[in-house]
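Chain residues, written in single-letter form:
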Amino acid sequence: MKRIIAKRTLKEFWGKYSNAEQYLKTWYETAKQADWKNPQDIKNTYATASIIAGNRVVFNVKGNDYRLIVKFNYQRQWAFIRFIGTHTDYDKIDATTI
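Just so we're clear, the structure is a prediction, and the values are computed from it rather than from any experiment.

Further remarks concern helix 1 (residues 7-16). All buried positions along helix 1 are accounted for by Leu10, Phe13 and Trp14. Buried residues of helix 1, seen end-on, are gathered within an arc of 95° and therefore sit on one face of the element. Exposed positions of helix 1 whose direction lies more than 90 degrees from the buried face are Arg8, Gly15 and Lys16. Buried residues along helix 1 sit in contact with helix 2 (21-33), strand 4 (66-73) and strand 5 (78-86).

Spelled out as structure tokens, the structure:
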């Protein structure tokens, strides 16, 4: 991805949940260097990722303790971090529209 929007969201989250920091840093670096052209490319990298509506992908963080939702624009190679939260927080939102 050429551009990942809202890294600050990740930093703020790992400031609260330090046990997620290394995973999120690794995810960010992997995504930054990736040339994902479609959802299957993401699944090839992250087999446990869930592809959902609206070009969104849900990533499990730290053994599914946390959830990361990212909206992708594959053509422009942009990734928009839409949500990061606990599993309980995730259950309270609509992942397809956030």
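The structure having been displayed, the exposition proceeds.
All right, on to the environment of lysine 37 then. Within the element layout of this structure, lysine 37 appears in the loop between helix 2 and helix 3 (39-45). Overall, the relative accessible area of 52% leaves lysine 37 in the exposed class. The spatial distance from the C-alpha of lysine 37 to the C-alpha of glutamine 75 is 7.1 Å, given a sequence separation of 38 residues. Of the polar contacts made by the side chain of lysine 37, one reaches the side chain of aspartate 35; its length is 2.9 Å.

Cut-offs used in this document
- Residues numbered from 1 in each chain as written.
- Predicted model: local features only at pLDDT ≥ 70, side-chain atom pairs only at ≥ 80, totals over all residues.
- Heavy atoms only, no water.
- Buried < 20%, exposed > 50% of the residue type's maximum accessible area, 1.4 Å probe, protein only.
- Helix = DSSP H or I, 4+ residues; strand = E, 2+ residues; numbered from the N terminus.
- Arc of directions from axis to C-beta.
- Contact = heavy atoms within 4.5 Å.
- Polar contact = N/O pair within 3.5 Å; in protein donor to acceptor, adjacent residues only side chain to side chain.

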